[in-house]
Each structure stands twice: as C-alpha cells, then as structure tokens.
Amino acid sequence: MSDSLRADAPAAPAAAPPATTSATVGVDLLTRSIGSPHDYATSSTTACARDALDLWLPDTLREVERAAAAQLPAHTLMDRAGAAVAEWLIGRLPALASAGRQPVLLLAGPGNNGGDAYVAARELHRRGVLVDVWQLGAPSTDDARWAHAHALAAGVPVQPAPARWPQPDSGYAWIVDGLFGIGLTRPLDGPAAALVERIVEAHAQGTPVLAIDIPSGLAAATGVVDGPVIHADVTMAMLGASPGLLTGMGRDVAGDVLIATLGTDEVLAAVRSGRPDGQAIATTAPAAFGAHLPLRHHASHKGSYGSLAVLGGHEGMIGAPLLCARAGLMTGAGRVYVGFVAHDAPAWDPQHPELMLRHAENLDLATMQAVSVGPGLGTSAASAACLSRALALDNTPLVIDADALNLLAAEPALAERVRRRAGPTVLTPHPLEAARLAGGDVARVQSDRLACARALAQRFDATIVLKGSGSVIDDGTHAWINTTGNAGLATAGTGDVLTGAIGALLAQGMPAPQAALAAVWLHGRAAERCVAAGAGPAGLTASELLPAMRAELADLLNEAGCAKRSTQTRRTAPAGSP
C-alpha cells in the first residue's frame, strides 16, 4: 500500500479487522524473474504472461487506492493486503516454520507498507507461525496505527529494529520487507540504509525475502537504485505493478513479481478507462501484437511475405548485417538481401546461401517491403550515403539501428529527414545511442527510461525500442515494457538479430509498433529457450538465438491459427449444435 497517504486525525478506536476472504486476496502471477528455474516452459507460458498487463505510475496507484478505500469500510484495503502476504507465505514456509519453531521476520516502516507488515504478522501469528516484527519508526498513518494496535492486541511481538543483526544467525524462514513503498523518492540513509544492508547480507546467505509493493530502495516509477536496496526473491505488488519493477534495476532486485488486486478490479477498470492514452503503460505479450501476426496460407509464395533489405557491413564488421539478415530469414521474410558498404564483402553466405548479397549501391531499395539499416554500418562518408539512400524511401518501413543511429545524432540534417518520413520508422537504440540522440548522457537516460523513450518517439515521430533490462517500446502515445529475456542477451550481435526480426515482420505487413513488440518479445523468449536448454546465459551467442526465435514464432503462429479456426468454427456451426 502507498506510503504517501497520510491522515492527521487521531487513530480510530480499535475495531475488529474487516472480514477477509480468499477471493479478495487472490494473487496473480505477473512475470518470472531472471534466473528463476521457472523462467521458461517449452510447452506454454502462464496465462498472465500471454496477456498484456497494465502498469501503473505511483500517482495513479494512489488514485486507485483512494477511490477503492472510499467504497470500503475503514482499513479494509490494508487488512486485505496483509492477509494476502500471509496467505501466500503460509503455503511456502518450511515445515519448521509452519510448526511454529522457525521464525519469520517482518520489517515495518512508519507508513502504510509497515501497516501491511503488521497485518501479515498478525495473520501468521494466528496461524501458529512464530514471528518477529522489527519496527523502523512509530506508525505515522491512521491505517498503520490501526494495524499496529491490532497486531499488539493479538500478541505479536514488536520491537525497534536492532542496530546490529542478532548473533548467532537466528535462522529466519523468510524476511518480509514492509519498510518503504511506492512513495519513496529518495535514497535510503541512516538506520534504514544500515538495516537494508543487513537484509541484503542475510539474503546473500540464503534467507528468502518477500517485498511488499516494491523492494525498499527501488524507485517505483523508473527502476532506479541510488543507494542500498532490498534484494527480493518475490515482490507482491498491491493493486497493481509499477514500471520500476520491470525495467532498470527492477528485474535484478524484485525477483518474481506478483499482483494482489485486493478486490479492486472495478476501480482499476474505471481508472484505466479514464486514463489518457498518453499515460498508458503495459507489458509486452502476445495479446498486444498477436492479431497482427502474418499467418501463413497454402496459396502463397515468397513474394507474399515481403522482401527485406539489410544495409551495413563496413570493413571489419561484415558479420553484423549477416546476423541481421539471417534473423530476417528465420522470422519469416520471403526474400532477404544484404547490401554491404565494404567493397571486399563476401559474394555469398555459406551458412545461409538463401541470402542475396550485394554491394549496397547495387541494391534496388524501391522494390523492398522493408529496410533495416545500421548493423556494422560505420560512420564514414560511404556509411552516411548508404543511410541517406534508405531515408529517400519515404514510404517504405524502415528500421534504424547501431551506427545509423550514431549518424543521426551527429548529422542534424539526417535526423530531420527521419522526422519528415511518411512511412513507418523504428529506432532501436541502446542507452548510449539514446543518450547521443537525446544530447545527454547514459545516466540521464537510465534515470527515466520511459520518459526518454517517449521523448525520442515524439521527436522522431517513430516507434522507439530502448534496449536494456526491461526494454521499453514507445510509439509516442503508448508505452510497453518487455518482460522476456535474460542476461544471455548481453553479448555482441544480439541487437543485430533483433533489428533483422523487426525488419522481417515489417516486410510481412505488421504495423511498426506491433512488429517491434513481437520482435522484442520473441527475442527475449528465444534467449529463455536457449538458457533452458543449457546454452548460457554465459557464453550464449547471437547466432544461437536464430533457431530459437523461429521456434517461438512457430508456436505463436500455431496458436493464432488455432484460435482463428476455432472462431470460424463457432461462427459457422449450425444453430443448436454443441
């Protein structure tokens, strides 16, 4: 629950906690954490992973909280939140803890996150679980004071957080972080920082940690960490998840992200419907792009799936456009051409002789359905001329990556031509390239990845893929954060593979935002598939992603085809048929 809601009125008289049912505290899985043994399932993903989920900035979540609280008896949301934490933990405690012989440690801050921890402690205590509650300051909100009073009345032991970690190790079954919530906007310092550092040490030694709403020290809106931060195995977000859990440092410190809507689905829907499009943020998922996937038909040929040109490959960088082009083949383009800037480029690709290799000047770009420019392009005069030829295609879908982005940053005239294009444009910068385009530095980009992607999308009138942990896709109106992928993608050439996949999907007729969403999602899923098969994450190569991406795309197309046939069957079934 938000720590920013404050009530100056005196604490309400002690009252019985609101009735809580399993229906109101149900918890849904949002995404799997990096490195989890459950990252990847070859047969399918969870239903939630297939559906795009709304993400909520802190101010909007506080609006939801106020609206929901106004419709319910006092303290109901806090009671449901704490009960959700306790209910989830009960099913995951070791036998000693369930038998009341191994304690659970709950950390309670002064705000409403601390109140959630008090309620969770009360519910665990009532179920026979031994609990310790460490208090970081007296409760400062009406809800937190109420929760604190009821915890004490139930016999829950509450004490100030000790300056030192108890010695010898007390062997906690779990640690619950209820210190600070989504309202925290400053680095932790003083006793709070010291306590968090001790929790991080305990976590590193094997004690599992559950964070309420967000790991303390992580910025909810941006995923920025500027000081000590809790490292959680699981984060349970109340009402909805914030973007910072899934981008920046979020995926490294939040663990598995769960959502407990606490029975507020109607309020969430009302706030969602009233939210301006420009504030819409969601996760990537097949539901966000599946309707635009290019289904395959028997009565088709290579021309049905478009021609893609890949431009790049300066001297010494021939491999980049080849990787890009091979990815284009593997993601369904009917024909793929490679135009090299280097004059000593190979005449054919022995690994994929299907590719048609040319010098860039000899490619007839006007016959292409999409062009990807930038992999290995270089920044020479010949490189700039190659990019200029691509920009002359006013209506052809265009993907701009790597050195082509650096040329845009260095030459304002080229950047202006991108802005004036009539056709779809996708830019795929990593943080350093984004910093160059924005005229800033990497720290500024990473301090608010969503804002940077939106600014670039609006400046270039393009779809932006800001790469990194939790890649951000923004078309100038809507933003998405990708939840697939792992650290195996942190190797040379993976960006070239992504550029080829986006180009191939554009060549097959997908709109730019959906082509970018699909390619980024498939790219991450391919890395998960590879790691699940034992390839990486350390040592995973970009080339290994290609067959995995093809397999992932095949799965999506099969699902989409089955869904379409099912819909057609229902529409044509005779009246009264089962």
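Residues numbered from 1 in each chain as written. Predicted model: local features only at pLDDT ≥ 70, side-chain atom pairs only at ≥ 80, totals over all residues. Heavy atoms only, no water.

As named in an unreviewed UniProt entry, the protein chain is Bifunctional NAD(P)H-hydrate repair enzyme, taken from Pandoraea cepalis. Within the UniProt record for the protein chain, the comment given under Subunit (unreviewed entry) is "Homotetramer." (UniProt positions renumbered as here; feature names shortened; annotations may be inferred.)

A. Region of the structure containing the overall build of the protein chain. Helix and strand counts for the protein chain stand at 20 helices and 18 strands. Taken across its 578 residues, the protein chain has 55% of its residues classed as buried. Across the protein chain, contacts joining residues at least 24 apart in sequence account for 75% of those joining residues at least 6 apart. With an accessible surface of roughly 22,700 Å², the protein chain has 54% of that area assigned to carbon and sulfur atoms. (Helix = DSSP H or I, 4+ residues; strand = E, 2+ residues; numbered from the N terminus. Buried < 20%, exposed > 50% of the residue type's maximum accessible area, 1.4 Å probe, protein only. Contact = heavy atoms within 4.5 Å. Areas by Shrake-Rupley, 256 points an atom, 1.4 Å probe, with all protein chains shown as cover.)

B. Representation of the packing of helix α11 (residues 319-330) against helix α18 (residues 494-507) in the model. It is at 7 Å that the axes of α11 and α18 come closest, and there the two elements cross at 40°. Comparing their axes, α18 and α11 come out oblique. Classified by chirality, the crossing of α18 by α11 is right-handed. Residues A320, L323, C324, A327 and G328 of α11 pack against D496, V497, T499, G500, A501 and A504 of α18. Along the lines of polarity and charge, the residues of the contact of α11 with α18 split into seven nonpolar, three polar and one charged. (Axes fitted to C-alpha atoms, helices over the stretch in contact; angles between N-to-C directions. Parallel < 35°, antiparallel > 145°, perpendicular 65-115°, else oblique. Left-handed = near helix turned anticlockwise from the far one by under 90°. Nonpolar A, V, L, I, M, F, W, Y, C, P; charged D, E, K, R; others polar.)

C. Representation of helix α3 (residues 76-90) within the structure. Compared with an ideal rise of 1.5 Å per residue, which puts 15 residues at 21 Å, α3 spans 21 Å between its outermost C-alpha atoms and is within 8% of the ideal. Judged by how many residues are buried, α3 sits mostly within the fold: 13 of 15 residues are covered. (Expected span 1.5 Å × (residues − 1).)

D. Spotlight on the confidence of the model for the protein chain. Of all residues in the protein chain, 88% attain a pLDDT of 70 or more, and the chain-wide mean is 90. Within the protein chain, the element-level pLDDT minimum falls on strand β1 (residues 27-31), averaging 45, and the maximum on strand β15 (residues 425-427), averaging 99. Confidence drops under a pLDDT of 50 for residues 4-14, and excluding neighbours within four residues, the segment shows 17 contacts in the predicted structure. Across residues 21-25 the pLDDT falls below 50, and counting only partners more than four positions away or on other chains, this stretch makes nine contacts in the model. (pLDDT = per-residue confidence, 0-100.)

E. Seen up close, the pairing of strand β16 (residues 463-466). Every second residue of β16 is oriented toward a common face, with T463 and V465 on one face and I464 and L466 on the other, all of them buried. Where β15 meets β16, two bridges bridge the pair, whose relative direction is parallel. From the neighbouring strand, L427 faces β16, where its bridge partner is I464. When β16 meets strand β17 (residues 472-474), the two strands line up antiparallel, connected through three bridges. Residue pairing in the sheet places L466 in a bridge with V472 of β17. Linking β16 to β17, which pair antiparallel, is a turn of five residues; within it G468 sits at a positive phi near 135°. (Pairing = 2+ DSSP bridges.)

F. Inspection of the packing of aromatic side chains at higher detail. Overall, the coordinates contain three aromatic pairs when judged by the stated rule. Consider the rings of W88 and W174, whose centres lie 5.6 Å apart with planes at 90°: the pair is edge-to-face. Residue W88 is located in helix α3, and its partner W174 is located in the loop between β4 (158-160) and β5 (175-178); the two are separated by 86 residues in the primary sequence. When sorted by exposure, W88 lands in the same class as W174, which is buried. (Phe/Tyr/Trp six-rings, centres within 6.5 Å; stacked < 30°, edge-to-face > 60°.)

G. Representation of the pattern of salt bridges in the model. Within this structure, the stated rule accounts for 16 salt bridges. A salt bridge links R122 to E123, with the shortest nitrogen-to-oxygen separation between them at 2.7 Å. Assessed through its relative accessible area of 1%, R122 is described here as buried. When salt bridges with common partners are traced through the structure, they connect R525, E528, R529, E552 and D555 into a single cluster. (Salt bridge = Lys/Arg side-chain N within 4 Å of Asp/Glu carboxyl O.)

H. Spotlight on helix α7 (residues 190-204). An ideal rise of 1.5 Å per residue puts 21 Å on 15 residues; α7 measures up with 22 Å between its terminal C-alpha atoms. Taken residue by residue, α7 has A192, A193, L195, V196, I199 and A202 as its buried positions. Considering only its buried residues, α7 is in contact with β2 (104-108), β3 (131-135), β5 and β6 (209-212). In the stretch just after α7, G206 is the one whose phi turns positive, near 115°.

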